[in-house]
Amino acid sequence: RKAETASYRRALHAQLAVLLGHGEDTVQELRRRRPEELPDPTDRASLEADRSRALRLSDRDRRLMAKIQQALERLEAGTFGVCESCGGPISAARLKARPVTPLCIDCKREAAREAADAGA
């Protein structure tokens, strides 16, 4: 069990490092090119679209980083691998595929069904 915990911790920290690198790259790219430096309106529009996409991806990365931090906190608290909804175990296969998950597959399916019903 200790080896599994260490393995998840390493994987989560590695994923966090990659995301932090993406954030630095995004900041550098946004600083490097400014729309007002481009005389052609089409080039400016293209740059703005690229910047918008980069910011959306950066926001997605930020949300994932928060989930990684929460998973690391669960590791420290000894609750990693325990479903936050039903209290049952989260399968090793699910944790391996998505180590940030706080829910077992059954509770995740139920939450997705409820979200779909609320959106309909």
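Basis of the calculations
- Residues take numbers from 1 onward in each chain, read along the sequence in its written order.
- Two thresholds apply to this predicted model, a pLDDT of at least 70 for residue-level local features and 80 or more for giving and counting side-chain atom pairs, whereas whole-chain, interface and lining totals are computed over all residues.
- Hydrogens are left out, water is left out, and the side-chain values use all remaining heavy atoms of the structure.
- A run of H or I in DSSP becomes a helix once it reaches four residues, and a run of E becomes a strand once it reaches two; helices and strands are each numbered from the N terminus.
- Between the two quantities, the radius of gyration covers C-alpha atoms and the globule rule is 2.2 Å times the number of residues to the power 0.38.
- Only protein chains enter the area calculation, which uses a 1.4 Å probe; residues under 20% of their type maximum are buried, those over 50% are exposed, and those in between are partly exposed.
- The contact criterion used is simple: two residues touch if any of their non-hydrogen atoms lie within 4.5 Å.
- By nonpolar core is meant a set of buried Ala, Val, Leu, Ile, Met, Phe, Trp, Tyr and Cys residues that side-chain atoms within 4.5 Å join together.
- Whenever a helix is involved, its axis is fitted only over the stretch in contact; in every case the axis is a line through C-alpha atoms, and angles between N-to-C directions fall within 0 to 180 degrees.
- Between 65 and 115 degrees an angle is taken as roughly perpendicular, under 35 as roughly parallel, over 145 as roughly antiparallel, and anywhere else as oblique.
- Two helices cross in a left-handed way if the nearer one is turned anticlockwise from the farther one by less than a right angle. They cross in a right-handed way if the turn is clockwise.
- Ten residues, namely Ala, Val, Leu, Ile, Met, Phe, Trp, Tyr, Cys and Pro, are considered nonpolar, four, namely Asp, Glu, Lys and Arg, are considered charged, and the remaining ones, Gly among them, are considered polar.
- By definition, a salt bridge exists where a carboxyl oxygen of Asp or Glu is found within 4 Å of a side-chain nitrogen of Lys or Arg.

Engineer: How do you make sense of the overall build of the protein chain when you look at a structure like this?
Structural biologist: Helix and strand counts for the protein chain come out as four helices and zero strands. On C-alpha atoms alone, the protein chain measures out to a radius of gyration of 19 Å, which is more than a quarter above the 14 Å that the 2.2 N^0.38 rule sets for 120 residues. Burial status across the protein chain gives 25% buried among its 120 residues. For the protein chain, contacts bridging at least 24 residues in sequence account for 51% of all contacts bridging at least 6.

Engineer: Hey, could you run me through the nonpolar core in this one?
Structural biologist: Inside soluble globular proteins, nonpolar side chains tend to come together where they are buried. Formed by 17 residues in total, the largest nonpolar core has its most connected members in L12, I68, L72, L75, F80 and C83. Those elements that place two or more of their residues in this core are helix 1 (2-32) and helix 2 (41-77). No other element matches helix 2, which puts five residues into this core. Here L75 is in contact with T5, Y8, R9, L12 and F80, once residues within four sequence places are set aside.

Engineer: I keep staring at the packing of helix 1 against helix 2 and nothing clicks. Help me out?
Structural biologist: The relative placement of two packed helices comes down to the angle between their axes together with the axis-to-axis distance. Running from N to C, helix 1 and helix 2 point in directions that differ by 155°, and their axes come no closer than 9 Å. Between helix 1 and helix 2, the angle falls in the class roughly antiparallel. When you trace helix 1 past helix 2, the crossing you get is left-handed. For the contact of helix 1 with helix 2, a count of residues per class yields 14 nonpolar, seven polar and four charged.

Engineer: For this particular structure, what's the right way to read the pattern of salt bridges?
Structural biologist: Charged atoms that come close allow side chains of opposite charge to pair. On inspection of all chains with the given rule, the structure shows seven salt bridges. Note that R9 is salt-bridged to E76, the shortest N-O span being 3.0 Å. Of this pair, R9 sits in helix 1 while E76 sits in helix 2, and the two are 67 residues apart along the sequence. Ionic pairing is found between R62 and D59, a salt bridge with its closest N-O pair at 2.4 Å. Placement of both R62 and D59 in helix 2 is noted, with a separation of three residues, approximately one turn of the helix. Judged by its relative accessible area of 47%, R62 falls in the partly exposed class. One connected set of salt bridges, linked through shared partners, spans D59, R62 and R63.

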